[in-house]
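Survey of secondary and tertiary structure
Okay, here's what each chain looks like letter by letter:
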Amino acid sequence: MTASRPGTTTSSLAELVEEVEAAGLTLTLYNPTLPEERLALVENHFDVTTISVRRRATDDGTPENFAVLHDGDEFVSACDVAALSAAVDPAAAFTPTEHPNAEPPALLAEIDQSTFTEYGKRRMILASRDIEKRAWRAGASAIHVGFQEFSRLRTQLDLYRRLTEDVTVHLYGEADWEPPVENVVLHGYATDEIRDHWFVVFEADDEADELGACAILAQEREPNVYSGFWTSQRPLADRVLDRLEAEYPATAPHA
């Protein structure tokens, strides 16, 4: 079923992407001595964002492996480069570690309105996984997922069956298929806005901690090439939800 609804005063998804695209920060790696492949993980992670990554040496060579995030001359955050490298390692997201419950560096939480360009489909999936895992860890919450067409969920059925054991999933897209998954609320729309955007938004309750507010929103500007932003700030994540709730109410529950 596909429905429509008159426009509202909320910012469109495209307008939200454009608004965040103007932001930019610098990440400086001071006196790096880690193996080149570990440093490359950090640089490659940010190479399609507006964050500029650079290496610098101090006069006395200390401290080693120290990452500083700054906005112009203004200090934002800092952390150990090794911890940052481990946190952005895409392989680590799906493999056990010595400290499976270790929190990522606080520096990453400061990169909360970072834009990216030319994300391919695989990288979008990895970014989406991070938010899906946060929702699963928090439990008793809801997640809003826009994959452009419902049929894109076909290859992820096992994952979403596990996720929906504890989390209500709101699925947005062109209703070209009915997912055989319980605890899913369908939002079937064939608008250009829904077909052109990929998003995952973790809807936290009012008492949720810092894990309870995050979103990724991307616009497909070429086939399978996405530009957009991720955020861990609740106000921006809520603005994405405001748009979805105002324009795309549920078309069918799926129990």
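In this report, we go over the structure that sits alongside the text. (Residues numbered from 1 in each chain as written. Predicted model: local features only at pLDDT ≥ 70, side-chain atom pairs only at ≥ 80, totals over all residues. Heavy atoms only, no water.)

On to the overall build of the chain. Regarding its fold elements, the chain presents eight helices and twelve strands. Relative to its full complement of 255 residues, the chain shows a buried share of 44%. As displayed, the chain has an accessible area near 12,700 Å², and 49% of this comes from carbon and sulfur atoms. (Helix = DSSP H or I, 4+ residues; strand = E, 2+ residues; numbered from the N terminus. Buried < 20%, exposed > 50% of the residue type's maximum accessible area, 1.4 Å probe, protein only. Areas by Shrake-Rupley, 256 points an atom, 1.4 Å probe, with all protein chains shown as cover.)

We now examine the pattern of salt bridges. By the definition in use, this model includes eleven salt bridges. Residue Arg161 is joined to Asp158 by a salt bridge in which the shortest nitrogen-to-oxygen separation is 3.8 Å. Here Arg161 pairs with Asp158, and both are found in helix α6 (residues 157-163), just three residues apart, close to one helical turn. Where Arg195 meets Asp192, a salt bridge forms, and the shortest distance between an N and an O atom there is 2.9 Å. Here the residue Arg195 and the residue Asp192 both occupy positions in helix α7 (residues 192-196), the gap between them amounting to three residues, near one helical turn. (Salt bridge = Lys/Arg side-chain N within 4 Å of Asp/Glu carboxyl O.)

Burial of nonpolar side chains together is a common tendency in soluble globular proteins. Among the nonpolar cores identified, the biggest contains 28 residues, and Met124, Ile143 and Val200 are the most heavily contacted of them. Apart from the residues lying within four places of it in its own chain, the contact partners of Ile143 are Ile131, Glu132, Ala135, Leu163, Val167, Thr168, Val169, His170, Val200, Val201 and Phe202. Core analysis: the next-biggest nonpolar cluster, separate from the first, contains 18 residues, Leu13, Tyr189, Ala215 and Tyr248 among them. (Core = buried A, V, L, I, M, F, W, Y, C linked by side-chain atoms within 4.5 Å. Contact = heavy atoms within 4.5 Å.)

A separate point is the environment of Tyr119. Topologically, Tyr119 is positioned in strand β5 (residues 114-119). Among the residues examined, Tyr119 registers a relative accessible area of 4% and is labelled buried. Taking the C-alpha atoms as reference points, Tyr119 and Val225, 106 residues apart in sequence, are found 5.6 Å from one another.

It is worth spelling out the pairing of strand β8 (residues 184-188) at this point. Two faces make up the sheet, and in a regular strand the side chains alternate between them. A large share of β8 lies buried, amounting to five of its five residues. Side chains Val184, Leu186 and Gly188 project from β8 onto one buried face, and the interleaved Val185 and His187 project onto a second face that is buried too. Bridge analysis of strand β7 (residues 167-174) against β8 gives five bridges, and the strand direction is parallel. Bridge pairing links Gly173 to Gly188 in β8. (Pairing = 2+ DSSP bridges.)

A separate point is the pairing of strand β10 (residues 214-222). Relative to β10, strand β9 (residues 197-203) runs antiparallel, the two being bridged by six bridges. In the strand pairing of β10, Val200 is matched with Ile216. Across seven bridges, the pairing between β10 and strand β11 (residues 225-231) is antiparallel. Bridge pairing in β11 links Glu222 to Val225. Counting the residues between successive antiparallel strands, the hairpin from β10 to β11 contains two residues, one of them, Asn224, with a positive phi of roughly 60 degrees.

What follows is about the sheet that holds strand β1 (residues 26-30). Judged by pairing direction, the sheet is mixed, and its four strands sit side by side in the order β2-β1-β3-β4 without closing on themselves. Of all the strands in the sheet, just β2 (52-56) and β4 (74-80) have a single pairing partner and so form its edges. This sheet shows a mean twist of 25 degrees between the axes of neighbouring strands, independent of strand direction. In the sheet, β1 pairs with β2 via five bridges, with the strands oriented parallel. When the bridges of β2 are listed, Thr26 appears paired with Ser52. Where helix α2 (residues 36-46) meets the sheet, it contacts β1 and β2, and its direction lies at approximately 150 degrees from that of β2. On the sheet, helix α3 (residues 81-88) packs against β1, β3 (66-71) and β4 and is oriented at approximately 80 degrees with respect to β4. (Axes fitted to C-alpha atoms, helices over the stretch in contact; angles between N-to-C directions.)

As a further point, take unusual backbone geometry. Note the cis peptide between Thr62 and Pro63, where omega equals -10 degrees. The topology assignment puts Pro63 in the loop between β2 and β3. The backbone of Asn31 shows a phi angle near 50 degrees, a positive value even though the residue is not glycine. Here Asn31 shows up in the loop between β1 and α2. Owing to a relative accessible area of 8%, Asn31 belongs among the buried residues under this scheme. Of note in this structure, Asn183 is not a glycine but carries a positive phi near 60 degrees.

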